[in-house]
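# Coordinate inspection notes
Read off the chains here:
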Amino acid sequence: MSTLPYGIFSTRTSPPRAGLKHGDVVIDLSGMERAGWFSDVKGFAGEPFSQSTLNAYMELGRPVWKEVRHIVVESLHSNPRVLHPFFAPLADCILHHPARIGDYTDFYSSYHHAFRVGSMFRGPENALNPNWTKLPVGYHGRSSSIRLSGTDVRRPKGQTPEFGATKKLDFELEMGFYIGPSSTLGTPIPIDQAEDHIFGLTLLNDWSARDIQAFEYQPLGPFTAKNFQTSISPWIVPLEALEPFRCTLPPQKEKPAEYLAEPASASFDISLEVWVNGQCVTQTNFNTLYWSMAQQLAHHTISGCDVRAGDVMGSGTISGEEPGSEGCLLEKNNGFLNDGDVVELRAYSEKRGLRVDFGPVSGRILPALI
């Protein structure tokens, strides 16, 4: 009951506004806002829940988020009937992008993924580049082509070096996190403050055209092989909902630079799955990532780069060590996606009767345009 992921929804008779998913209903936060439920929350300003994105609310910061969540959770536990006027049946809701995404950065933070892929091209002795264990490697993606789960994916064209439709279309199993309060240009976010700038997590598929990627990525990294579409969940799970599932990072192979040093309890136990045409092809866990979200954000801003509310950071492909835990088809080395295939990612945390579900992220492959 206490998961309550955030989203933006509308109905046939009402405009987009903020809500919390609670089972098969959405709690209308804008209605609660107008009724004065949050008027005593220190720092709660304006009408952030009556807007068509969560950006203004994301900017308000963790103390506000925690108090708002406390008000809703306590009401659900003590007297849920008082919230019934704000319930909208999920089946009647139209879901929208939860935030205006200004920038999108994708990292490369799974050791097992990086080692497997590097071994394929450079051999196991040189699988990882020298910088990989020293910093979270990443690249800037394209926010304009991020789409909600359920949006079809058009097979892209490009040079391989021959021009044509990609023959190696792949999924990438990732988690993403949304930035909360913006930072100031020229001022890095310290590692011990990084989680205060993380609003919540979401499930993400960074579709990739592997043959195009192999030809174009040197020397500046991924470009058109990844900019054609990224699929994302309409729901954002706040960090507070994941606290029961907090766990330690895997041991890092060398001591990180001081600006990247943080307590070990910086990861979360989140089960991840990939289903293709109704068959489960991958099972792994978020807790296998080598670099944490806080380390990713601290490194991203160490140069003084500023981040803004609503920005999205992708984890990079998440793979485990065992067979069957590969986060993409490239690692499996037994073929790629065909036209008509339907890929669905799933993510959840569960223990002692508590389940946090991130909602599926799905997409169907359409043929390339002629």
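Refer to the structure printed above.
Residues numbered from 1 in each chain as written. Predicted model: local features only at pLDDT ≥ 70, side-chain atom pairs only at ≥ 80, totals over all residues. Heavy atoms only, no water.

## Observations regarding the packing of aromatic side chains
Across all of its chains, the model carries 14 aromatic pairs by this definition. The interplanar angle of 90° and the centroid separation of 6.0 Å between the aromatic rings of Tyr57 and Phe199 together place this pair among those described as edge-to-face. With Tyr57 in helix H2 (residues 55–58) and Phe199 in strand E14 (residues 198–205), this residue pair connects regions lying 142 residues apart in the sequence. Each member of the pair, Tyr57 together with Phe199, is buried. Taking the centre distance of 5.1 Å and the plane angle of 55° together, the rings of Trp132 and Tyr290 count as tilted. Here Tyr290 lies in the loop between strand E21 (279–285) and helix H7 (293–301) and Trp132 lies in the loop between helix H4 (111–122) and strand E7 (138–140), a separation of 158 residues in the sequence. Neither Trp132 nor Tyr290 differs from the other in exposure class; each is buried. A cation over an aromatic ring shows up here: Lys253 above the ring of Tyr111, its NZ or CZ 4.7 Å from the ring centre. (Phe/Tyr/Trp six-rings, centres within 6.5 Å; stacked < 30°, edge-to-face > 60°. Helix = DSSP H or I, 4+ residues; strand = E, 2+ residues; numbered from the N terminus. Buried < 20%, exposed > 50% of the residue type's maximum accessible area, 1.4 Å probe, protein only. Lys NZ or Arg CZ within 6 Å of the ring centre and 35° of its normal.)

## A short note on the pairing of E21
Where strand E20 (residues 271–276) lies against E21, 6 bridges are found, and the strand directions are antiparallel. The residue bridging Trp275 from the neighbouring strand is Cys280, located in E21. In this antiparallel pair of consecutive strands, E20 and E21, the connection spans 2 residues, and Asn277 shows a positive phi of 55°. (Pairing = 2+ DSSP bridges.)

## Details of the sheet that holds strand E5 (residues 94–96)
One open sheet accounts for 5 strands, arranged E4-E3-E2-E1-E5; its pairing is antiparallel. Every other strand in the sheet has two partners, leaving strand E4 (87–89) and E5 as the edge strands with one partner each. Mean inter-strand twist for the sheet, computed between neighbouring axes without regard to direction, equals 45°. Summarising the sheet, strand E3 (residues 25–28) and E4 pair through 3 bridges and their orientation is antiparallel. Looking across to E4, one finds that Val26 is bridged to Ala88. (Axes fitted to C-alpha atoms, helices over the stretch in contact; angles between N-to-C directions.)

## Things to note about the environment of Leu272
Assignment of secondary structure puts Leu272 in strand E20. Considered as a pair, Leu272 and Leu203 are 69 residues apart in the sequence and their alpha carbons are 9.3 Å apart. Each residue touching Leu272, except ones within four places of it in the same chain, is listed here: Leu173, Met175, Leu203, Thr282, Gln283, Thr284, Asn285, Phe286, Ile318, Arg346 and Ala347. (Contact = heavy atoms within 4.5 Å.)

## Notes on the nonpolar core
Within the largest apolar cluster, 53 residues are counted, with the highest numbers of intra-cluster contacts made by Met175, Leu201, Ile270, Phe286 and Phe358. Elements with a contribution of two residues or more to this core: H4, strand E13 (173–179), E14, helix H6 (239–242), E20, H7, strand E23 (342–351) and strand E25 (361–366). Here Leu201 is in contact with Met175, Gly176, Phe177, Trp235, Ile236, Val237, Leu239, Leu242, Ile270, Phe286, Met293 and Phe358, once residues within four sequence places are set aside. Judged by nonpolar contacts, the second largest core, of 36 residues, contains Ile27, Leu148, Tyr178 and Ile236. (Core = buried A, V, L, I, M, F, W, Y, C linked by side-chain atoms within 4.5 Å.)

## Some thoughts on the pattern of salt bridges
Two side chains that carry opposite charge are able to pair once their charged atoms sit near each other. Counted under the stated rule, the structure contains 18 salt bridges. Here Arg308 ties to Asp103 by a salt bridge, and the two come within 2.5 Å at their closest N and O atoms. In this pair, Arg308 is assigned in the loop between H7 and strand E22 (312–314) and Asp103 in the loop between E5 and strand E6 (104–107), connecting sequence segments 205 residues apart. A relative accessible area of 42% places Arg308 in the partly exposed class. A residue is classified by how much of its surface remains accessible, and Asp103, at 37% relative accessible area, is partly exposed. In this structure, the salt-bridge partner of Glu331 is Arg116, at a minimum N-O distance of 2.6 Å. A residue pair is termed long-range when its members are at least 10 positions apart, and Glu331 in helix H8 (residues 329–332) and Arg116 in helix H4 qualify at 215 residues. A residue is classified by how much of its surface remains accessible, and Glu331, at 8% relative accessible area, is buried. The class for Arg116 is buried, based on a relative accessible area of 18%. (Salt bridge = Lys/Arg side-chain N within 4 Å of Asp/Glu carboxyl O.)

## What about unusual backbone geometry?
The omega torsion across Thr160 and Pro161 is 20°, close enough to zero to call that bond cis. Locating Pro161 in the fold gives a position in the loop between strand E10 (157–159) and strand E11 (163–165). Looking along the chain, the bond that leaves Gln218 and enters Pro219 is cis, with omega of 5°. Positioned with a positive phi, Leu4 is a non-glycine residue whose angle comes to about 50°. Along the polypeptide, Leu4 turns up in the segment before strand E1 (6–11). In this structure, Arg352 takes a positive phi of about 50° despite not being glycine. Within the secondary structure layout, Arg352 lies in the loop between E23 and strand E24 (354–357). Judged by its relative accessible area of 76%, Arg352 falls in the exposed class.

## With respect to H4
With 12 residues, H4 should cover 16 Å at 1.5 Å per step; its first-to-last C-alpha distance of 15 Å lies within 8% of that length. Within H4, the full set of buried residues consists of Tyr111, His112, His113, Ala114, Arg116, Val117, Gly118 and Ser119. Taken together, the buried residues of H4 touch H8. Following H4 by one or two positions, Gly123 has its phi on the positive side, about 85°. (Expected span 1.5 Å × (residues − 1).)

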